[in-house]
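# What the coordinates show
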Amino acid sequence: MNGFVLELDRVQTADREQFRCAVLAGLAHRPRAIPAKFLYDARGSALFDKICELPEYYLTRTETEILRDHAADIAALAGPDRALLEFGSGSSVKSRLLLDAMDLALYAPIDISREHLDSSTARLRRDYPSLPIEAVCADYMSIADLPQLAPSVRRVGFFPGSSIGNLEPHEALAFFRNARDLLGDKGALVLGVDLKKDFARLHAAYNDSAGVTAAFTLNLLRRMNRELQGTFNLDRFRHEAFYNPVEGRIEIYFRSLSNQSVNVAGQAFTFTAGERVHTEYSYKYDVPQLESLVRQAGFRLERLWTDPERLFAVAYLALA
Ligand code: AVI
């Protein structure tokens, strides 16, 4: 075996061990919950890409339209000779709108998935041959080190997709504080965020008629079966998503349809009929709420662009 294969093997073993610990702890805990990041194995990531194209899932296309309409405004606010750091870059599709509009000294996509990073960086290098690109494989929630930059190069962060909504408020605040430290005193952050709106619209976005979101949630059970020798019968659980107006968030679970016992990683777990396991929150913001949150982390809401229906917003956050 060569060094690359050994390294990949080591990373996969560490990932699986992390998954095993999180699942065993999450199923033993009450209420039961498994962290959302485990939804994104290869199949989960492919299903999420499909979600982004669903007619009911307005988030991706609305954000893309806003970015397309205002990329020049963002570039003008940011100024020349900037480093663009993307938090959770995935396939870097939306970042291309900024890469086309901004005058950049560097693009640094940051993503936890080495696979995603390598494939998207190769495509970007081909399409932007003169742009320096430095990929960083890291968890954006805990990243501390960034590429070295000349002092004149200011940093602009990019956090699209309303991924901020998947963080609980205290985690979102921690993200903003860490981003502020990474971006430095003259930095700025371009943020995509889903807005509060009528409940029916929100409900439909997470309960699509083609059943892709349900398949995305239940893929977690498949993953436990495959990676942790699980015995989940997917016909005996269902996806559940609803808007909680008090908390201002979509809540997503898988719910047991009967009394049953399931083995995972060598342990038996019983589920009563109707019992559910939490998998995701997707918080929705209004502008005053967002302003107050970012202010606590030292940012100031300099500009905000929305679509005509005010479904989604792209904010330009400067250092306060
Ligand atoms: C990645 N994130 C912003 C999505 C959301 O809308 O909260 C995840 C998602 N889960 C189900 N549908 C979409």
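Residues numbered from 1 in each chain as written. Predicted model: local features only at pLDDT ≥ 70, side-chain atom pairs only at ≥ 80, totals over all residues. Heavy atoms only, no water.

## Re the packing of aromatic side chains
Applying the stated rule across the entire model yields 21 aromatic pairs. Judged by centre distance (6.2 Å) and plane angle (70 degrees), the rings of Phe 176 and Phe 299 are edge-to-face. Within this pair, whereas Phe 176 is found in helix α6 (residues 169-183), its partner Phe 299 is found in strand β11 (residues 299-306), the two being separated by 123 residues in sequence. Classification of Phe 176 as buried rests on a relative accessible area of 0%. Judged by relative accessible area, which is 1%, Phe 299 ranks as buried. With 5.4 Å between their ring centres and 85 degrees between their planes, Phe 237 and Phe 271 make a pair best called edge-to-face. Here Phe 271 lies in strand β9 (residues 267-271) and Phe 237 lies in strand β6 (residues 237-244), a separation of 34 residues in the sequence. With respect to burial, Phe 237 and Phe 271 carry one shared label: buried. Aromatic ring contacts, followed pair by pair, group Phe 87, Tyr 140, Phe 159, Phe 175, Phe 176 and Phe 299 into a single cluster. (Phe/Tyr/Trp six-rings, centres within 6.5 Å; stacked < 30°, edge-to-face > 60°. Helix = DSSP H or I, 4+ residues; strand = E, 2+ residues; numbered from the N terminus. Buried < 20%, exposed > 50% of the residue type's maximum accessible area, 1.4 Å probe, protein only.)

## Brief notes about the pattern of salt bridges
Summed over the entire model, instances satisfying the criterion amount to 19 salt bridges. Salt-bridge contacts for Glu 240 lead to Arg 255; the nearest nitrogen and oxygen are separated by 2.5 Å. Here Arg 255 lies in strand β7 (residues 249-256) and Glu 240 lies in strand β6, a separation of 15 residues in the sequence. We classify Arg 255 as buried; its relative accessible area is 18%. Glu 302 is the salt-bridge partner of Arg 300, the closest N and O atoms lying 3.4 Å from each other. Here Arg 300 falls in the partly exposed class, since its relative accessible area comes to 40%. A relative accessible area of 33% means that Glu 302 is categorised as partly exposed. When salt bridges with common partners are traced through the structure, they connect Arg 16, Asp 41, Arg 223, Arg 226 and Glu 227 into a single cluster. (Salt bridge = Lys/Arg side-chain N within 4 Å of Asp/Glu carboxyl O.)

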